[in-house]
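# Secondary and tertiary structure notes
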Amino acid sequence: MATSSSRVPRTDPLTLEVVELIGTVVARYHEEYEEAAAEHALTGAQARVLGLLSLEPMPMRRIAQKLKCEPSNITGIIDRLEARGLVERRPDATDRRVKLAAPTAKGDEVARRLRDSLNFAREPLAELSREERLSLRGLLRRMLGEEI
């Protein structure tokens with residue numbers, strides 16, 4: 001079996017079209033996300049961190065890993081969100097040496113409103129059947145190398 005580093009990149013028209021379509025979807029999603037963030041006087045990065053924390057509190061190092069950026073950048077983002085009363089730092093119940101970033105009630109509300117205002121991905125996906133969405137999810141996970 002060939003490893004990913006030994007595979008010849010596919011440059012057939014279908015693959016190139018799929019790559020272009022994925023790029024277009026990602027660009028449109030980010031554009032809408034930036035616009036939604038601006039409506040709440042947030043940067044896109046602040047909105048992504050707040051959205052991530054609304055799912056579960058987590059240490060800054062883990063946020064950085066999930067968003068693929070430097071932990072020092074996350075510290076600055078958390079500082080600004082905390083100054084606005086959207087996030088708080090709290091000790092981890094399982095390891096008191098670790099500080100978790102967690103949304104405040106106000107932060108949860110802003111994250112919810114942000115999610116509710118993002119229609120780009122939600123509306124086209126609503127046109128797909130449950131089976132099509134499950135298939136798409138499986139294909140995306142497979143592309144990312146995740147276990148299904």
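This write-up is about the structure you can find in this document. Being a predicted model, the structure only gives us computed values, none of them experimental.

## Considering the side chain of Gln46
Looking at the element boundaries, Gln46 is found in helix H2 (residues 44-55). Once residues lying within four places of it in the same chain are set aside, the contact partners of Gln46 are Ala41, Ile77, Arg80 and Leu81.

## Thoughts on the sheet that holds strand E3 (residues 99-103)
Strand order in the open sheet made by the three strands is E1-E3-E2, with antiparallel pairing throughout. The open sheet has two edge strands, strand E1 (58-59) and strand E2 (87-91), and neither has a second partner. Summarising the sheet, E2 and E3 pair through five bridges and their orientation is antiparallel. The residue of E3 that forms the bridge with Arg89 is Ala101. Lying over the sheet, H2 contacts E1, E2 and E3, oriented at roughly 100 degrees with respect to E3.

## Quick notes on the packing of H2 against helix H3 (residues 60-67)
The interhelical angle for the contact between H2 and H3, taken along N-to-C directions, is 115 degrees, at an axis separation of 11 Å. In this structure, H2 meets H3 at a crossing whose hand is right-handed. Residues Val49, Leu52 and Leu53 of H2 pack against Ile63, Lys66 and Leu67 of H3.

## Focus on helix H5 (residues 105-117)
The end-to-end C-alpha distance of H5, which contains 13 residues, comes to 19 Å, matching closely the 18 Å that a straight helix rising 1.5 Å per residue would cover. For H5, the complete set of buried residues consists of Gly107, Val110, Ala111 and Leu114. Axial view of H5: buried residues confined to an arc of 100 degrees, hence all on one face. Where H5 is buried, its residues meet helix H1 (13-39), H2 and E3.

## Examining the pattern of salt bridges
Applying the stated rule across the entire model yields nine salt bridges. Residues Arg97 and Asp95 are paired through a salt bridge, measuring 2.9 Å at the closest nitrogen-oxygen approach. For Asp95, a relative accessible area of 21% translates into the label partly exposed. Counted as one network, the salt bridges with shared partners bring together Asp79, Glu82 and Arg89.

## A closer look at the packing of H2 against H5
Taken N-terminus to C-terminus, the directions of H2 and H5 make an angle of 110 degrees; their axes are 9 Å apart at the nearest point. The angle between H2 and H5 falls in the class roughly perpendicular. Along the contact surface, H2 presents Ala47, Leu50, Gly51 and Ser54, while H5 presents Gly107, Asp108, Val110, Ala111, Leu114 and Arg115. A per-class count over the contact of H2 with H5 returns five nonpolar, three polar and two charged.

## Concerning the pairing of E3
Within E3, four of the five residues are buried, which leaves it mostly tucked inside the rest of the structure. As paired elements, E1 and E3 share two bridges and run antiparallel to each other. Paired with Pro59 across the bridge in E3 is Leu100.

## A word on the environment of Gly85
Positionally, Gly85 belongs in the loop between helix H4 (71-83) and E2. For Gly85, a relative accessible area of 30% puts it in the partly exposed group. Sequence-wise, Gly85 and Glu146 are 61 residues apart; in three dimensions their C-alpha atoms are separated by 35 Å. Those residues in contact with Gly85, other than ones at most four positions away along the chain, are Thr104, Lys106 and Gly107.

Parameters and conventions
- Residues numbered from 1 in each chain as written.
- Predicted model: local features only at pLDDT ≥ 70, side-chain atom pairs only at ≥ 80, totals over all residues.
- Heavy atoms only, no water.
- Helix = DSSP H or I, 4+ residues; strand = E, 2+ residues; numbered from the N terminus.
- Contact = heavy atoms within 4.5 Å.
- Pairing = 2+ DSSP bridges.
- Axes fitted to C-alpha atoms, helices over the stretch in contact; angles between N-to-C directions.
- Left-handed = near helix turned anticlockwise from the far one by under 90°.
- Expected span 1.5 Å × (residues − 1).
- Buried < 20%, exposed > 50% of the residue type's maximum accessible area, 1.4 Å probe, protein only.
- Arc of directions from axis to C-beta.
- Salt bridge = Lys/Arg side-chain N within 4 Å of Asp/Glu carboxyl O.
- Parallel < 35°, antiparallel > 145°, perpendicular 65-115°, else oblique.
- Nonpolar A, V, L, I, M, F, W, Y, C, P; charged D, E, K, R; others polar.

Without other data, these values stay purely geometric and don't point to any function.
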